[in-house]
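Close look at the chain arrangement
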Amino acid sequence: MDATEPFLGKTKHGRVWDWLLREYHQERVFVDVGLERITTWPHLSAHGPAIVTGPSWPQHPVEQRPPKNGTTPRIPVSGLARRIAALPHRLLAYEGADGSPVILPVTVTGHDETGLRLGAPPELLPPGGRRAGFLAHAFRPQCVGVSMRTVTGWLTVDNGEALYAPHTSVGMAAPPSRTVMTVASGLLAKQGLRRARRNGTTEHLHNLAAGVRPGA
């Protein structure tokens, strides 16, 4: 609580709230992410000279083999464009030449039936085609009101022009009401924990934490 309240606001307490939020606050999975390279730019659009902390930035990755089902959009592009229109922050991610993820800010400059037209500094986008992920999101202060949409698809870069053909799309939105979000978080945490206990996920996580190898 001491770590989160300065950023997320005061936690609700009381007999009902403590019961509702018990799993949300007490049943946590900690994820450690090992950072090897961080690249920063003087502008949020990734324009300007880059500063790399860690191993040097590798060369562009080679072009990937197209998927068996083709590279064209598999969901309506116009519908996706409408859903992300109000989400101001957009990120593109692809696998770099050294196997590490490359995550870049991008803009959507237009769209048609072939995909989303993306804008980014041309030297950062690898030429050719490859699988890539796309995220659009919006967070209000203290996360009271959150919206995001996660997309998978195929990125094609030709002469600095980037076209993103979406294949799958999932999203979520939470209303800008602290009470509604708190109730929903508590109920979803209870439901998720019950599901994790039934399908063995809880036991698997405990074994991982204890260093027990699967099948041992």
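Here goes a summary of the coordinates provided. For every chain, the first residue of the written sequence is number 1, and numbering continues from 1 along that sequence. This being a predicted model, a pLDDT of at least 70 is required before a residue's local features are given, and a value of 80 or more before pairs of side-chain atoms are given or counted; all residues contribute to the totals for chains, interfaces and linings. Heavy atoms throughout the structure, all of them, feed into the side-chain values; hydrogens and water do not.

Structural notes on a nonpolar patch on the surface
Residues Val29, Val31, Val33, Leu35, Ile38, Leu205 and Leu208 make up a contiguous nonpolar surface patch of roughly 690 Å² in combined accessible area. In this text, helices come from DSSP runs of H or I with a minimum length of four residues, and strands from runs of E with a minimum of two, each type numbered from the N-terminal end. With respect to the helices, strands and loops of the structure, Leu35 is situated in the loop between α3 (22-26) and β1 (38-40). Judged by relative accessible area, which is 62%, Leu35 ranks as exposed. Excluding any residue in a salt bridge, patches collect residues exceeding 30% relative accessible area, merging like charges within 9 Å and nonpolar Val, Leu, Ile, Met, Phe, Trp and Tyr side chains within 5 Å. Only the protein chains shown count as cover for residues, and all accessible areas are computed by the Shrake-Rupley method using a 1.4 Å probe. For salt bridges, the criterion is a side-chain nitrogen of Lys or Arg within 4 Å of an Asp or Glu carboxyl oxygen. Each residue is assigned to one of three classes by its accessible area relative to the maximum for its type, calculated with a 1.4 Å probe on protein chains only: buried under 20%, partly exposed between the two thresholds, exposed over 50%.

Examining the environment of His13
Note on placement: His13 falls in the loop between α1 (5-8) and α2 (15-20). We classify His13 as exposed; its relative accessible area is 54%. C-alpha of His13 to C-alpha of Ile51: the two residues are 38 residues apart in sequence and 44 Å apart in space. Only 3.3 Å separates the side chain of His13 from the side chain of Asp18, close enough to count as a polar contact. Polar contacts, as counted here, are pairs of nitrogen or oxygen atoms within 3.5 Å of one another; within protein the pair requires one atom able to donate a hydrogen and one able to accept it, and residues that are adjacent in sequence qualify only if both atoms are side-chain atoms.

What to know about the pairing of strand β7 (residues 128-139)
When DSSP finds two or more bridges between two strands, those strands count as paired. As defined by bridge partners, strand β3 (residues 89-95) adjoins β7 across five bridges and the pair is classed as antiparallel. Within β7, the residue paired with Ala93 across the bridge is Gly133. Pairing analysis gives 12 bridges linking β7 to strand β8 (residues 146-158), with the strands arranged antiparallel. Looking at the pairing, Gly129 lines up with Thr156 of β8. Counted between consecutive antiparallel strands, the loop separating β7 from β8 contains six residues, among which Gln142 sits at a positive phi close to 60°.

What to know about the side chain of Arg90
Within the secondary structure layout, Arg90 lies in strand β3. Counting rule applied: Lys, Arg positive; Asp, Glu negative; His and chain ends not counted. Buried Arg90, no salt bridge; nearest opposite-charge side chain is Asp112, N-O distance 15 Å. From its side chain, Arg90 meets the backbone oxygen of Ile84 in a polar contact 2.7 Å long. Here the side chain of Arg90 touches Leu87 through a polar contact of 2.5 Å, landing on its backbone oxygen. In this structure Arg90 touches Ile84, Ala85, Leu104, Pro105, Val106, Val108, Phe134, Leu135 and Ala136, once residues within four positions along its chain are discounted. Residue contacts are counted whenever heavy atoms from the two residues lie within 4.5 Å of one another.

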